[in-house]
Amino acid sequence: MQDAIIKLEDVWKVYHMGRVEVQALRGLSLVIRKGEFVAIMGPSGSGKSTSVNMVGCLDVPSRGRILLDGKDISHLSESALAQIRGKKIGFIFQQFNLIGTLTALENVMLPMAFQDTSLSERKQRAMELLALVGLGDRMHHKPSELSGGQQQRVAIARALANEPEVILADEPTGNLDSQTGKMVMDFLRKLHKEQGTTIIMVTHDAYVARHADRIEHLRDGRIVKTDHQR
Ligand SMILES: Nc1ncnc2c1ncn2[C@@H]1O[C@H](COP(=O)(O)OP(=O)(O)OP(=O)(O)O)[C@@H](O)[C@H]1O
Ligand SMILES: [Mg+2]
């Protein structure tokens, strides 16, 4: 068995909305090993996005520990989290989250802005990544000039920009038709197989989840069932 890359230990997340308390995560424990492809399923509001955001250093738990590569990230400052995020993690969201005023090429170059490499090297890498996702001929298009599937492929190229150890995908096919969704899944699967990238993917779609090695079922902020598929 490979080493754990991510470990959540009895993680709680409580949001305070005025006097109302929302318990988004209620004692979530989960181990992800290097190179695994894990799908997270569960009803709306069960805490899927909250848990993925926490693994992705976008938020910190109210209680419990999160270990990334053995390092406890539960209590880090925002700037320390941002640094880890930039180096280790690539995000793919349901809404693509591209910057509308930038071209595909500029969107993919953005995460590399803080690297020590020259502008021309960053541009070269962004061009290679766009070619990899089949968009070599759409580099100078803005998001509004691209189809949904093309935008999601730009987002995937952007997620890969810094060669992340972990890809976090929250409903990556949620806004795509089934054909385009399949293309995106084939790409993620290939990335996982050929490069050994660890992938954690939230999905509502049982068919999409079948691409994963393992499905974790969430309910009311904790895991209620695990399905091993391989
Ligand atoms: N910033 C926030 N402030 C207050 N409550 C929140 C916040 N973010 C999430 N919640 C609440 O936490 C719970 C879990 O939300 P989360 O977004 O993780 O659900 P989800 O499983 O991703 O659902 P969906 O499938 O609809 O995306 C929900 O009840 C939600 O209303
Ligand atoms: Mg969600």
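Residues numbered from 1 in each chain as written. Chains lettered and ligands numbered in written order. Predicted model: local features only at pLDDT ≥ 70, side-chain atom pairs only at ≥ 80, totals over all residues. Heavy atoms only, no water.

A.B. asks: So what's going on with the sheet that holds strand β1 (residues 4-17)? Which residues, and what values?
C.D. replies: Spatially, β2-β1-β4-β5 is the arrangement adopted by the four strands of the open sheet, whose pairing is antiparallel. Either end of the sheet is taken by a strand with one partner, and the two such strands are β2 (20-33) and β5 (71-72). Sheet strands touched by helix α1 (residues 48-55): β1, β2 and β4 (63-68). Its angle to β1, the strand with the most contacts, is close to 125°. (Pairing = 2+ DSSP bridges. Helix = DSSP H or I, 4+ residues; strand = E, 2+ residues; numbered from the N terminus. Contact = heavy atoms within 4.5 Å. Axes fitted to C-alpha atoms, helices over the stretch in contact; angles between N-to-C directions.)

A.B. asks: Explain the side chain of D170 residue by residue, including any values.
C.D. replies: In this structure, D170 sits in strand β7 (residues 166-170). Despite its burial, D170 pairs with no opposite charge; the closest candidate is K48, at 7.0 Å N-O. Within the structure, D170 has its side chain in polar contact with the side chain of S49 (distance 2.6 Å). (Buried < 20%, exposed > 50% of the residue type's maximum accessible area, 1.4 Å probe, protein only. Lys, Arg positive; Asp, Glu negative; His and termini not counted. Salt bridge = Lys/Arg side-chain N within 4 Å of Asp/Glu carboxyl O. Polar contact = N/O pair within 3.5 Å; in protein donor to acceptor, adjacent residues only side chain to side chain.)

A.B. asks: How would you summarise the packing of helix α5 (residues 148-160) against helix α6 (residues 178-195) if you had to cite specific residues and measurements?
C.D. replies: Following both chains from N to C, one finds α5 and α6 inclined at 15°, their axes separated by 10 Å at the closest point. Taken together, the axes of α5 and α6 are roughly parallel relative to one another. As for the relative orientation of α5 and α6, their crossing is right-handed in sense. Contact residues: G149, Q152, R153, I156 and L160 in α5; T180, M183, V184, F187 and L191 in α6. Looking at the contact of α5 with α6 residue by residue, the classes come out as six nonpolar, three polar and one charged. (Parallel < 35°, antiparallel > 145°, perpendicular 65-115°, else oblique. Left-handed = near helix turned anticlockwise from the far one by under 90°. Nonpolar A, V, L, I, M, F, W, Y, C, P; charged D, E, K, R; others polar.)

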